[in-house]
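# Survey of secondary and tertiary structure
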Amino acid sequence: MSDQQETPKKKRTGRIVLVVVILALVTGGIVAYVRIALSGFQSTDDASVKGNQVVISAVILDRITRLAAGEGDRVSQGQTLVTLDDATLKAQEEQSRVNEQFAAQNITLATIKMDQARTDLERGTVQFQSKIIPQEQYDHLKIALQSAQAQLDIATTQEKLAAAQLRSVETNLANTIISSTIDGVVAKKWAMPGDVVQPAQPIYTLFDLNDLWIEANFKETQIRYLAVGNPVTITIDAFPGTTFTGKVETIGAAAAAQFALIPPSNATGNFTKVTQRVPVRISINHTNTPTGDPTARLVPGMSATVRVATSK
């Protein structure tokens with residue numbers, strides 16, 4: 001009876017061993033497959049869509065009278081976006097033109113006086129040599145010529161100053177019309193008509209949606225596997241199931257932390273080593289796609305995941 005009881009136990013034990021072996025083989029196969037599948041690739045989800053950003057701002061202190069575009073509008077290079085109040089500047093322009101005309105008339109008057117003083121001195125020189133006029137009168141004629149010359153120089157300088165003031169006003173008048181510097185889309189409008197804007201104060205933020213790329217921040221331990229030209233597979237969180245392709249364009253020359261507002265200082269006694277991230281620029285392949293395809297709807301800031309095919 002004991003032999004008959006031991007036989008089922010041995011069978012159960014054998015079955016358990018067999019199951020354990022099968023599970024071990026399956027697990028090993030899965031691990032091997034994953035290693036093979038992932039070998040030669042480097043990936044990160046610390047990535048996002050980037051684009052050229054242009055801030056449209058004022059050059060002069062003035063009040064906004066008109067904004068020609070709203071958020072989401074497409075604009076063309078050279079298109080007028082902002083009009084500032086020019087009433088005060090036009091009055092200054094008229095005043096500057098009058099000052100320039102007045103300075104030009106002063107030059108004419110000073111030139112006449114200069115010619116008269118020169119003629120008087122030439123006549124006085126002949127008379128002095130003939131002893132018709134005394135030395136004192138002759139000296140007065142020379143001083144009169146020098147004075148006339150000085151007045152002409154002053155009038156010429158005043159005319160140049162008036163012309164410079166007029167050019168300055170005309171430049172400020174031109175700055176009351178602010179145009180787009182790129183073909184792009186208005187991403188943000190920072191001001192409203194009636195607002196008084198300061199020089200360099202943002203009014204619009206534009207993005208060029210025709211020139212987008214991916215900025216991926218890889219760990220510094222991954223950088224050694226990357227090279228310019230490596231093919232990249234890109235997925236965008238906003239469009240699950242859609243795959244984009246590209247390639248590595250540039251690898252950052254410094255870790256991203258170096259451009260932080262307050263860069264880390266490691267020269268301290270409580271240093272903690274942290275794996276740094278290095279920005280990598282990845283191009284996005286654009287193809288002729290139907291209207292409504294996600295390729296045409298990528299916008300800066302969208303989150304992405306990238307997978308770079310490497311040689312190792």
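Residues numbered from 1 in each chain as written. Predicted model: local features only at pLDDT ≥ 70, side-chain atom pairs only at ≥ 80, totals over all residues. Heavy atoms only, no water.

### Some thoughts on the overall build of the chain
Defined as follows: Numbering goes from the N terminus for both helices and strands, where a helix is a DSSP run of H or I of at least four residues and a strand is a run of E of at least two. Between buried and exposed lies partly exposed: a residue is buried under 20% and exposed over 50% of the maximum accessible area for its type, with that area taken using a 1.4 Å probe on protein chains only. Residue contacts follow a heavy-atom distance rule, with two residues in contact if any of their heavy atoms lie within 4.5 Å. Note on areas: Shrake-Rupley with a 1.4 Å probe; residue coverage comes only from the protein chains shown.
Along its length, the chain carries three helices and 12 strands. Across the 312 residues in the chain, those meeting the buried criterion constitute 29%. Long-range contacts, defined as pairs at least 24 residues apart, comprise 79% of the intrachain contacts of the chain with a sequence gap of at least 6. When the accessible surface of the chain is totalled, it reaches about 20000 Å², and 55% of it is carbon and sulfur.

### Here's the deal with the pattern of salt bridges
Should their charged atoms come close, side chains of opposite charge can pair. For the record, the criterion: The salt bridge criterion pairs a side-chain nitrogen of Lys or Arg with a carboxyl oxygen of Asp or Glu, the two atoms within 4 Å.
Per the counting criterion, the structure on display carries nine salt bridges. The salt bridge involving arginine 97 is made with glutamate 170; its shortest N-O contact spans 3.1 Å. Note that arginine 97 is positioned in helix H2 (residues 87-129) and glutamate 170 in helix H3 (residues 135-174), a separation of 73 residues in sequence. Residue classification places arginine 97 among the partly exposed positions, given a relative accessible area of 38%. A salt bridge links aspartate 115 to arginine 118; the nearest nitrogen and oxygen atoms lie 3.4 Å apart. A residue pair is termed a helical-turn pair when its members lie 3 or 4 positions apart in one helix, as aspartate 115 and arginine 118 do in helix H2 at three residues. Taking relative accessible area as the criterion, aspartate 115 reaches 39% and is therefore assigned partly exposed. Three or more residues are tied together by salt bridges with common partners; here these are Glu93, Arg97 and Glu170.

### Focus: unusual backbone geometry
For lysine 131, which is not glycine, the phi torsion reads 60 degrees and is therefore positive. For lysine 131, the location among the structural elements is in the loop between H2 and H3. Classification of lysine 131 by relative accessible area gives exposed; the value is 74%. The backbone of alanine 200 sits at a positive phi, close to 75 degrees, despite the residue not being glycine.

### Comments concerning the sheet that holds strand S4 (residues 80-84)
Counted only if it meets this: Strands are labelled as partners when DSSP assigns at least two bridges between them.
If you trace the four strands from one edge of the open sheet to the other, you get S5-S4-S2-S7, paired in antiparallel fashion. The sheet is open, and its two borders are formed by strand S5 (177-179) and strand S7 (196-197), each paired with just one other strand. Across two bridges, strand S2 (residues 62-67) lies against S7 in antiparallel orientation. Bridging from a neighbouring strand, arginine 63 pairs with valine 196 of S7.

### Points about the packing of aromatic side chains
Condition: Classification of ring pairs rests on two measures: the distance between centres of Phe, Tyr or Trp rings, Trp counted by its six-membered ring, which must be within 6.5 Å, and the angle between planes, read as stacked under 30 degrees, edge-to-face over 60 and tilted in between. Two conditions define a charge sitting above a ring: the NZ of Lys or the CZ of Arg must be within 6 Å of the ring centre, and it must be within 35 degrees of the ring normal.
Under the counting rule described, the total for this entry stands at one aromatic pair. Aromatic pair phenylalanine 128 and tyrosine 138: ring centres 4.7 Å apart, planes at 5 degrees, arrangement stacked. One end of the pair, phenylalanine 128, is in helix H2; the other, tyrosine 138, is in helix H3, with 10 residues separating them in the sequence. Against the face of tryptophan 190 rests lysine 188, its NZ or CZ located 5.6 Å from the ring centre. Sitting above the plane of the phenylalanine 41 ring, arginine 307 keeps its charged end 3.7 Å from the centroid.

### A closer look at H3
The cut-off we apply is this: Given a helix with a known number of residues, its expected span is that number minus one, times 1.5 Å.
Taking 1.5 Å of rise per residue, 40 residues should cover 58 Å, and H3 covers 59 Å from first to last C-alpha, within 8% of that figure. Within H3, burial applies to Tyr138, Leu141, Leu145, Ala148, Leu152, Ala155, Ala162, Ala163, Leu166, Val169 and Leu173. On its buried side, H3 packs onto H2 and S5.

### What about the nonpolar core?
So the rule is basically this: We call a set of buried Ala, Val, Leu, Ile, Met, Phe, Trp, Tyr and Cys residues a nonpolar core when their side-chain atoms join them within 4.5 Å.
In terms of nonpolar packing, the biggest core is built from 26 residues, with Ile214, Phe218, Ile234, Ile236, Ile282, Leu298 and Val306 touching the most fellow members. Elements supplying a minimum of two residues to this core: strand S1 (41-57), strand S8 (202-219), strand S9 (231-236), strand S10 (243-251), strand S11 (277-283) and strand S12 (303-309). Ignoring any residue separated from it by four or fewer positions in sequence, one finds isoleucine 282 in contact with Trp213, Ile214, Ala216, Val232, Ile234, Lys247, Val248, Glu249 and Val306.

### A look at the pairing of S9
The alternating pattern of S9 places Val232, Ile234 and Ile236 on a buried face and Pro231, Thr233 and Thr235 on a face that is not buried. Bridge count for S9 against S10 is five bridges, and the pairing is antiparallel. Looking at S10, one finds that threonine 235 is bridged to threonine 243. The turn joining S9 and S10, which pair antiparallel and follow one another in sequence, is formed by six residues; a positive phi near 90 degrees is taken by glycine 241. As paired strands, S9 and S12 are joined by five bridges and run antiparallel to one another. Opposite valine 232, over in S12, you have valine 308 as the bridge partner.

Read these as layout, nothing more, since geometry by itself doesn't imply function.
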